[in-house]
Amino acid sequence: MPKVSIIMPSLNVAEYIQECMDSVLAQTLQDIEIICVDAGSTDGTLEYLQEYEEQDGRVKLIISEKRSYGYQMNLGMKMAKGDYIGIVETDDFIVPEMYEELYKTAILYNADFVKSDFDVFTTLDEGERIYLRYSSDKYTSARYNCIFSSEDYRSAVNSIDVYIWSGIYKKVFLEEHQIYFQETPGAAFQDCGFRYQVALYVKRGFFLNKSLYRYRRDNAGSSAYNKQCVLFNLSECKNLLKIVKKKRITDSSVWEFLAREIAVIAHRPYVELLEWNEPAEGTREALEEFHSILKKFMNLHLLRQDNLPSGMWMPIRIFVDNQEFYECYSRLEAEIMVNSIKIFLKKISSKNQVILFGSGFVGQCAYCLLRINKINNIVSFADNDRSKWGQVYGKCSIESPEKLVKEYPDAYYLITNRNYSKEIHEQLLGYGIAEGNIETYDQTTFPIACTNIFMKIGAGSEE
C-alpha cells in the first residue's frame, strides 16, 4: 500500500505537464502512487501522460469523461490506495521533499491533514520567473506547528485556509465523513465545498512553516481567472448547505461559521473580478441568490458584525439591504483599487532609473507588480543588510545604498521596507537625494494580486 496517493486532474495542459510530472516523479518519498485523471486532452497532454505511465509503474492513467474537475477528483479518490491523498494541479509543480515532509509530519501527529505554505509564481514574456511566498500565518488565521480542529475554524474570524492542494488528507478521515467533490459541470472553484467539509470535521489538522508547493499564475486558462466565479461559488455554497442540512447538523457555531464564510465568498470574488473583467452572464442572478441566503442568515442572527472579518460588515449590510446600491459600491471599490495601481505604475514608468530600497517581501511584491506590468526601469535593490549585498532577486542585484547613490544619484528611490521607511527616508535625504525622488511603496503585498496577469494596466502595458 502506498503512503500517499497523488491525484492529478488534467485537461489540455501540454505546455506545463512535463514540469509538473517531473516534479512529482522526483519526490524523495518514493512510496507513492500517481493517479493522472485526464478528461480527453487534445493538445498532446494525454500522449505525455501515456509515456510517463509506460516509464514509471507508480503512474496510473485514467481517461475520464469531460464533465468537471470534481468528477475527475472523485474518480481519483475512489481509486486511491494510499494512507493519505495529495492533490497537484497539472499546471503547477512541487519541490522534491514535499510529500516526504507532509507524510512524516502526518504520521508524527496522527493528523487528518497536514498543509504547507506555497510560492505563487509567474513567468514574464522574456522567460524571467518571479516567486512570492504565500504564508498561512500572514494571510489567514492559521498557526504553525500546532493542532487545529473544527472548533478552531469556527472561532477564527478570518478564514484559516482556502487552498486544498498544498497538503495531504488522511484517506480514512475523508471516507468516514463522506467528503467528496461536487460534480457540477465546469472546472472551476469545486475545491470550495471540499475545503469546508474538511473544516467541519477535522480534529487534528497541522500547518507546516515551509513552502513546498509552486502555484502558477501565468496560465490564462486557469480556473482562477474564470469569469463565472460567482456562479461556481454559489453552486458550491448551496451544495454545502444541502450537505449540512442532510447530516442534520444543528450546532449554532457551525451555522455561524458557514454564514461568515458564505458572506466572504459572495463579496470578495465579485469585487476582485470587477478589477479585471466584466462578470459572466448570469452573475446578477447568482448574486440575487446569495442575497437571499445572507438575508436569511442575518434574520436568524447567524451573520453579525462580530463574526465577520474587519471591514466586511458594511459591504455585506449593503449587499443584503440594497442590491442596486451594492452594485455601485462594488464597482466603485474595484475602480478605486485599479486607479490607485494605474496612477502608481504610470508614475514609476516615467522615471529613468528606479531603485527599490528594501529587498524583503514587500520589495519582492513591488518588483513583481512592476515587472508584470512591463516596467523595465528597475536597476537594483538597495538594502542596509550587508549580508544580502551581491545577491540577486529576479534580474536585479542587491547592493549597498552608498554604492547605488554614487552610481545613480538621479535615480528614483522607492522605499519597500515599511518597518523602517521613516529612517530610510532620512537616510536618503542625508545622501543628498531630492525629496521628490523618494516615495514609500503603499500598494498591494498580496501575492495573488501582485501576480494577476490580467491586471496589466501600467503605462508600460497595453490598455
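The structure displayed is predicted, hence computed values, not measured ones.

S.K.: Break down the overall build of the protein chain for me, citing the residues and quoting the values.
M.R.: From N to C terminus, the protein chain includes 17 helices and 16 strands. The C-alpha radius of gyration of the protein chain comes to 23 Å, within 12% of the 23 Å expected for a compact globule of 463 residues. Taking all 463 residues of the protein chain together, 57% fall into the buried category. Long-range pairs, those at least 24 residues apart, make up 78% of the contacts in the protein chain with a sequence separation of at least 6. Carbon and sulfur atoms form 48% of the exposed surface of the protein chain, whose accessible area is close to 20200 Å². Across the protein chain, the centroid of the 52 positively charged side chains sits 4 Å from that of the 65 negatively charged ones.

S.K.: I'd like to hear about the side chain of Asn373, residue by residue, with values.
M.R.: Among the secondary structure elements, Asn373 is positioned in the loop between helix H14 (361-372) and strand E12 (378-382). Asn373 gets classed as buried once you look at its relative accessible area, which sits at 0%. Within the local environment of Asn373, its side chain forms a polar contact with the backbone oxygen of Leu369, the two atoms lying 2.8 Å apart.

S.K.: I'd like a description of the packing of aromatic side chains, backed by residues and values.
M.R.: In this structure the tally under the stated criterion is 30 aromatic pairs. Ring centres of Tyr69 and Phe181 lie 5.9 Å apart, and the angle between their planes is 80°; this geometry places the pair in the edge-to-face category. With Tyr69 in helix H3 (residues 69-79) and Phe181 in the loop between helix H7 (171-176) and helix H8 (191-201), this pair connects stretches of sequence that are 112 residues apart. Neither residue differs from the other here; Tyr69 and Phe181 are each classed as buried. When the ring of Tyr367 is compared with that of Phe381, the centres are 5.8 Å apart and the planes differ by 40°; the resulting orientation is tilted. With a gap of 14 residues between them, Tyr367 in helix H14 and Phe381 in strand E12 connect regions that are remote in the sequence. Like Phe381, Tyr367 is buried. Of the aromatic side chains, those joined through ring pairs into one cluster are Phe118, Tyr134, Tyr139, Tyr163, Trp165, Tyr213, Tyr215 and Phe446. When the ring centre of Tyr71 is taken as origin, the NZ or CZ atom of Arg67, which lies over that ring, is 4.3 Å away. Here the guanidinium or amino end of Lys115 rests over the ring plane of Phe113, the centre of that ring lying 5.5 Å away.

S.K.: Residue-level account of the sheet that holds strand E11 (residues 354-357), with values.
M.R.: The six strands are arranged E13-E14-E12-E11-E15-E16 in an open sheet whose pairing can be described as mixed. What marks the edges here is a single partner per strand, and that holds for strand E13 (392-393) and strand E16 (438-440). With two bridges joining them, E12 and strand E14 (residues 396-399) adopt parallel strand pairing. Looking across to E14, one finds that Phe381 is bridged to Ile398. Against the sheet, helix H16 (residues 421-430) contacts E11, strand E15 (412-415) and E16, and its axis sits at roughly 160° relative to E15.

S.K.: Requested: an account of the pattern of salt bridges, with residues and values cited.
M.R.: Tallied over the full model, the rule gives 27 salt bridges. Between Arg216 and Asp218 there is a salt bridge, and its shortest N-O distance comes to 2.9 Å. The pair formed by Arg216 and Asp218 is uniform in burial state, with each residue classed as buried. Salt bridges linked by common partners bring Glu19, Arg129, Arg216 and Asp218 together as one network.

S.K.: Please provide a residue-by-residue account of H3, values included.
M.R.: Across the eleven residues that make up H3, a large majority, eight, are buried. Those residues of H3 not exposed but buried are Tyr69, Gly70, Tyr71, Gln72, Met73, Asn74, Gly76 and Met77. Structurally, H3 contributes buried residues whose contacts are with strand E1 (4-10), strand E2 (32-38), strand E4 (84-87), H7 and H8.

S.K.: How would you sum up a negative patch on the surface? Please name residues and give values.
M.R.: Negative charge collects at one region of the surface, where Asp43, Glu47, Glu51, Glu53 and Glu54 lie side by side. Mapping Glu54 onto the fold places it in helix H2 (residues 45-55).

S.K.: Outline the packing of H8 against helix H9 (residues 229-246), supporting the account with residue identities and numerical values.
M.R.: Interhelical geometry of H8 versus H9 gives an angle of 35° and a closest axis separation of 9 Å. Viewed along their axes, H8 and H9 form a crossing whose handedness is right-handed. Of H9, the residues touching H8 (which contributes Cys192, Gly193, Tyr196, Gln197 and Leu200) are Glu236, Leu240, Ile243 and Val244.

S.K.: Summarise the environment of Leu369; cite the residues concerned and give the values.
M.R.: Within the secondary structure, Leu369 sits in helix H14. Taking C-alpha positions, Leu369 is 9.3 Å from Ile341, a pair spaced 28 residues apart along the chain. Beyond its immediate stretch of four places on either side in the chain, Leu369 contacts Ile341, Phe344, Leu345, Tyr441, Gln443 and Cys450.

S.K.: A description of the side chain of Asp56 should follow, citing residues and the corresponding values.
M.R.: Tracing the backbone shows Asp56 in the loop between H2 and strand E3 (59-63). The class for Asp56 is buried, based on a relative accessible area of 18%. A distance of 2.9 Å separates a polar atom in the side chain of Asp56 from the backbone nitrogen of Arg58.

S.K.: Residue-level account of unusual backbone geometry, with values.
M.R.: For Asn12, which is not a glycine, the phi torsion comes out positive at approximately 55°. Residue classification places Asn12 among the partly exposed positions, given a relative accessible area of 35%.

Conventions used here
- Residues numbered from 1 in each chain as written.
- Predicted model: local features only at pLDDT ≥ 70, side-chain atom pairs only at ≥ 80, totals over all residues.
- Heavy atoms only, no water.
- Helix = DSSP H or I, 4+ residues; strand = E, 2+ residues; numbered from the N terminus.
- Rg over C-alpha atoms; globule rule 2.2 N^0.38 Å.
- Buried < 20%, exposed > 50% of the residue type's maximum accessible area, 1.4 Å probe, protein only.
- Contact = heavy atoms within 4.5 Å.
- Areas by Shrake-Rupley, 256 points an atom, 1.4 Å probe, with all protein chains shown as cover.
- Lys, Arg positive; Asp, Glu negative; His and termini not counted.
- Charge placed at Lys NZ, Arg CZ, Asp CG, Glu CD.
- Polar contact = N/O pair within 3.5 Å; in protein donor to acceptor, adjacent residues only side chain to side chain.
- Phe/Tyr/Trp six-rings, centres within 6.5 Å; stacked < 30°, edge-to-face > 60°.
- Lys NZ or Arg CZ within 6 Å of the ring centre and 35° of its normal.
- Pairing = 2+ DSSP bridges.
- Axes fitted to C-alpha atoms, helices over the stretch in contact; angles between N-to-C directions.
- Salt bridge = Lys/Arg side-chain N within 4 Å of Asp/Glu carboxyl O.
- Patch = residues over 30% accessible without salt bridge, like charges linked within 9 Å, V, L, I, M, F, W, Y side chains within 5 Å.
- Left-handed = near helix turned anticlockwise from the far one by under 90°.

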